[in-house]
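Here's the letter readout for the chains.
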Amino acid sequence: MRDRLLPWLVPAIITTTILPASSQVTIPITVTVSPGRAVLGDTLAIVVNAAEQPTVEVAGKALPVFSIGPQQWRAFVATTPLQTPGRRSLVVRSGNETRNLLLWVGDRSFPVQSIWLPPGKDSSGTDLEFDRVDAFKALVTPERLWQGAFRRPNSGPVTTPYGVRRYYNGVFAKDYFHRGLDYAGPKGSPVVAAQRGRVALVGRESQGFLIHGNTIGIDHGQGVLTIYLHLDQIRVQEGQMVEAGQVIGTVGNTGASTGPHLHWGLYVNGECVDPRSWLAQGWQ
């Protein structure tokens, strides 16, 4: 449930006319941000129209900026349940011009769940799997490979939503939140690529992926990634290009899993966001 929605952007659109030395009017600089009311877990898209490629900073952190059209650029802001709601500074620079704005991100309530992992499923993981998954999450490649809205990766019902806080075997995981959606598909049911992309990670339980289980990670370009965990079969190889809806594996119960299901996560600039908005719309 989304609650305590706060005012979001001050202002939502900034239009500034720049007068060069010749007194001729150039293309106005505009900054637009969507969605109109963001809460923790949302992805925000900042679109800048300007004559020169801009830089974009949020809360002092520079964001990757990509061209999406003639004199138009876009940056994504990723928010998560572990962040603090409220005001964030937004600074956009293009040429000699600087725009200082404010972003507001509303709070959101996340449920709490207790999970009991049986012996053999309660591993603390391996350096190998964490190093490889961390390297995958850090990818920001320049080409946008996805087109339109993302697809459900499995036809089963969602059993655990994004953002759930958890107790594992009676101990609260303080810096943890459920980084994705769980689909309760039966073992062996197909898992499909949510969008077009390049397979950038294949990890197997037999190789040390004791928490993630059999894993596939797909790079969709420009810092947008999807990851598929606890698989039974893996039907792709690293470096392979896949299309939206292509079968890449099957649902399993590998890794730290209490039963057959698919865990599907979506990362933007290294942060795990709520995938639901990506299922509903196709960001530029």
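Residues numbered from 1 in each chain as written. Predicted model: local features only at pLDDT ≥ 70, side-chain atom pairs only at ≥ 80, totals over all residues. Heavy atoms only, no water.

Q: Looking at this model, I keep getting lost on the layout of surface pockets. Mind explaining?
A: The gaps left among the atoms become clear once a water-sized probe is rolled over them. Quantified by volume, the largest pocket comes out at close to 850 Å³. Along the walls of the largest pocket sit 35 residues, with Arg166, Tyr168, Tyr176, Ile211 and Ala256 positioned nearest its centre. Elements that contribute at least two residues to the lining of the largest pocket include exactly strand S12 (112–115), helix H1 (127–137), strand S13 (158–160), strand S14 (165–168), strand S20 (224–234) and strand S23 (262–268). With four residues, H1 is the largest single contributor of residues to the lining of the largest pocket. When its residues are assigned to classes, the lining of the largest pocket shows 14 nonpolar, 14 polar and seven charged. In this structure, the second largest pocket spans a volume of roughly 240 Å³. (1 Å grid on protein atoms, 1.4 Å probe; cavity = no way out; pocket = protein on both sides within 12 Å on 5 of 7 lines; lining within 4 Å. Points joined across faces, edges and corners; volume = space filled by probe spheres on them. Helix = DSSP H or I, 4+ residues; strand = E, 2+ residues; numbered from the N terminus. Nonpolar A, V, L, I, M, F, W, Y, C, P; charged D, E, K, R; others polar.)

Q: Sorry, what's going on with the pattern of salt bridges here?
A: Side-chain pairs of opposite charge can arise whenever the charged atoms involved come near each other. Taken as a whole, this structure holds seven salt bridges when the rule is applied. Arg93 is the salt-bridge partner of Glu57, the closest N and O atoms lying 3.4 Å from each other. Linking Glu57 in strand S6 (residues 55–58) with Arg93 in strand S10 (residues 86–94), this pair joins segments that are 36 residues apart in sequence. Linked by salt bridges that have partners in common, Arg108, Asp274 and Arg276 make up one network. (Salt bridge = Lys/Arg side-chain N within 4 Å of Asp/Glu carboxyl O.)

Q: When you look at the nonpolar core in this model, what are you seeing that I'm missing?
A: By size, the foremost hydrophobic cluster in this structure holds 43 residues, and its most contacted members are Ile216, Tyr228, Ile248, Trp264 and Trp278. With seven residues, the single largest contributor to this core is S20. (Core = buried A, V, L, I, M, F, W, Y, C linked by side-chain atoms within 4.5 Å. Buried < 20%, exposed > 50% of the residue type's maximum accessible area, 1.4 Å probe, protein only.)

Q: Sorry if this is basic, but what is going on with the pairing of S14 here?
A: Walk down a regular strand and you will see the side chains alternate between the two sheet faces. Where S12 meets S14, four bridges bridge the pair, whose relative direction is parallel. By the bridge assignment, Val112 is partnered in S14 with Arg165. Of the strand pairs in this sheet, S14 and strand S15 (residues 171–172) are connected by two bridges, and their pairing is antiparallel. Bridged to Tyr168 within S15 is Val171. (Pairing = 2+ DSSP bridges.)

Q: What is the right way to look at the environment of Leu229 in this model?
A: Residue position: Leu229 is located in strand S20. Put simply, Leu229 and Asn253 are 24 residues apart on the chain and 9.1 Å apart in space, counted from C-alpha to C-alpha. The contacts of Leu229, once residues within four sequence positions are left out, are His212, Asn214, Thr215, His261, Leu262 and His263. (Contact = heavy atoms within 4.5 Å.)

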